[in-house]
Amino acid sequence: AAFYEHLARLLVSKGVRVPRPVAIQSQYVDNDDPPGSQNGFLFLLENFGAGWVQHSPLSLEEVQATLNLAAHLHAVSWEDDQILGLADKHLEAPCWWIFPRRGEAEANMMLEHWPNFVKTWAPEAPALFAKESVHNLAQRLHPLSARVTAELSSGFPRTLVHG
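Calculation criteria
- Residues numbered from 1 in each chain as written.
- Predicted model: local features only at pLDDT ≥ 70, side-chain atom pairs only at ≥ 80, totals over all residues.
- Heavy atoms only, no water.
- Helix = DSSP H or I, 4+ residues; strand = E, 2+ residues; numbered from the N terminus.
- Buried < 20%, exposed > 50% of the residue type's maximum accessible area, 1.4 Å probe, protein only.
- Contact = heavy atoms within 4.5 Å.
- Areas by Shrake-Rupley, 256 points an atom, 1.4 Å probe, with all protein chains shown as cover.
- Salt bridge = Lys/Arg side-chain N within 4 Å of Asp/Glu carboxyl O.

As for the overall build of the protein
Reasoning step 1: In terms of regular secondary structure, the protein is built from nine helices and two strands.
Reasoning step 2: Reading the protein from its N end, one meets helices and strands in the order α-α-β-β-α-α-α-α-α-α-α.
Reasoning step 3: For the protein, the proportion of its 163 residues judged to be buried stands at 18%.
Reasoning step 4: Within the protein, contacts between residues at least 6 apart in sequence are counted, and of these 62% link residues at least 24 apart.
Reasoning step 5: Total accessible area computed for the protein in this model is approximately 12100 Å², and 58% of it derives from carbon and sulfur atoms.

Okay, structure coming up:
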């Protein structure tokens, strides 16, 4: 909810497509609240358009559109002191996907999940997935994951991520 209350309008002004919140209700508890009180929020977002549904798996076009939206969010907020200052002030400290929290676990899962990824997407780009370098990408990246995690955990560069 804090994202929509404090960052969404600024991101929209910079060209990021963010659904407009119709209603937001937030409850944050502190030490003075009765035992059993919980943090929580409820928000209702505008309808992006008739016929829009969330489903899985996504088509190649839907994956491309999703990645373009995520890349745009990262690019707009890249080292932007105004956006990142608001994020530091209003959002919970880093999301679930930060490298110190998920780096090693994700790297280890990469070896397990990559063959299925290749099998699923090879029909969409046969020439790309026919390359041996693509087939063994997880095996090549895995040994580098500790170094990449350390470098990306140093705090710079900074950007917003969805999650």
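Next, the rest of the story.
Comments concerning the pattern of salt bridges
Reasoning step 1: As enumerated under the stated definition, the model contains two salt bridges in all.
Reasoning step 2: For Asp80, the salt bridge identified is with Lys14, shortest N-O distance 3.2 Å. Taken together, the residues span a long stretch of sequence, with Asp80 in the loop between α3 (60–77) and α4 (81–90) and Lys14 in the loop between α2 (8–13) and β1 (21–27) at a distance of 66 residues.
Reasoning step 3: Relative accessible area serves as the criterion here: at 15%, Asp80 is assigned to the buried category.

Distances and angles like these do not, on their own, reveal function.
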